[in-house]
Amino acid sequence: MAIELWLYFSIVFLGLQGLYRFSKSVALTLLMIGNILILQYSLFNYEHELLVLTIMMMIAQLTRIWGERNETGNL
């Protein structure tokens with residue numbers, strides 16, 4: 001697996017990790033940038049399985065971050 005793909009996964013990890021809580025806007029930005037870069041990688045390298053998996057996980061991640069922040073009252 002390419003080193004750049006590991007970097008993209010790390011960006012998504014930073015947005016989701018719970019050790020240090022970023023603000024909602026920072027977490028969503030990290031998720032969007034990381035996932036868009038993974039989508040770009042999968043399209044350019046014809047990895048359709050990764051493309052489908054990334055889209056599914058992107059929906060799950062964004063709804064979790066959005067819902068989690070709204071439940072606590074932090075916008």
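First things first, this report covers the structure right here in the doc. Values in this document were obtained by computation on a predicted structure and should not be read as measured data. Positions within a chain are numbered from 1, following the residues in the order the chain's sequence is written. Only residues with pLDDT of at least 70 are given local features in this predicted model, and only at 80 or more are side-chain atom pairs given and counted; all residues enter the totals for whole chains, interfaces and linings. Heavy atoms from the whole structure form the basis of all side-chain values; hydrogens and water molecules are not counted.

Notes on the side chain of Thr54
Move 1: Secondary structure elements are taken from DSSP: a helix is a run of H or I of four residues or more, a strand is a run of E of two residues or more, and numbering for both begins at the N terminus. Inspection of the secondary structure assignment puts Thr54 in helix H3 (residues 48-71).
Move 2: The rule is simple: take the accessible area with a 1.4 Å probe, protein chains only, and divide by the maximum for that residue type; under 20% is buried, over 50% is exposed, in between is partly exposed. Among the residues examined, Thr54 registers a relative accessible area of 5% and is labelled buried.
Move 3: Residues count as neighbours in contact if any of their non-hydrogen atoms are within 4.5 Å of one another. Apart from residues no more than four positions distant in its own chain, Thr54 is found in contact with Asn35, Ile38 and Leu39.

Remarks on helix H2 (residues 24-44)
Move 1: Every helix has an expected span of 1.5 Å times one less than the residues it contains. Between its first and last C-alpha atoms H2 spans 30 Å; for 21 residues at 1.5 Å apiece the expected length is 30 Å, and the two agree.
Move 2: The set of residues buried in H2 consists of Lys24, Ala27, Leu28, Leu30, Leu31, Gly34, Asn35, Ile38, Leu39, Tyr41 and Ser42. In an axial view of H2, the angular spread of the buried residues amounts to 165°, which keeps them on one side of the axis.
Move 3: One or two positions beyond H2, positive phi appears at Tyr46, with a value near 55°. By definition, the arc is the one covered by directions from the helix axis to the C-beta atoms.

Details of helix H1 (residues 3-16)
Move 1: With 14 residues, H1 extends 20 Å from end C-alpha to end C-alpha; this agrees with the ideal 20 Å at 1.5 Å per step.
Move 2: Considered for burial, the residues of H1 that qualify are Leu5, Tyr8, Ile11, Val12 and Gly15. Projected onto a plane normal to the axis of H1, the buried residues spread over an arc of 115° and lie on a single side. In H1, the exposed positions that point more than 90 degrees away from the buried face belong to Ile3, Leu7 and Phe13.

Here's the deal with unusual backbone geometry
Move 1: Within the chain, Tyr46 stands out as a residue other than glycine whose phi angle is a positive 55°.
Move 2: Mapped onto the fold, Tyr46 is located in the loop between H2 and H3.

Here's the deal with the nonpolar core
Move 1: Definition of nonpolar core: a set of buried residues of the types Ala, Val, Leu, Ile, Met, Phe, Trp, Tyr and Cys, connected through side-chain atoms within 4.5 Å. In terms of nonpolar packing, the biggest core is built from 10 residues, these being Leu5, Tyr8, Val12, Ala27, Leu28, Leu31, Ile38, Tyr41, Leu50 and Ile65.
Move 2: Every element with two or more residues in this core is listed here: H1, H2 and H3.
Move 3: In terms of residues, this core owes the most to one element, H2, which gives 5 residues.
Move 4: With residues up to four places along the chain from it excluded, the contact list for Leu28 reads Leu62, Ile65 and Trp66.

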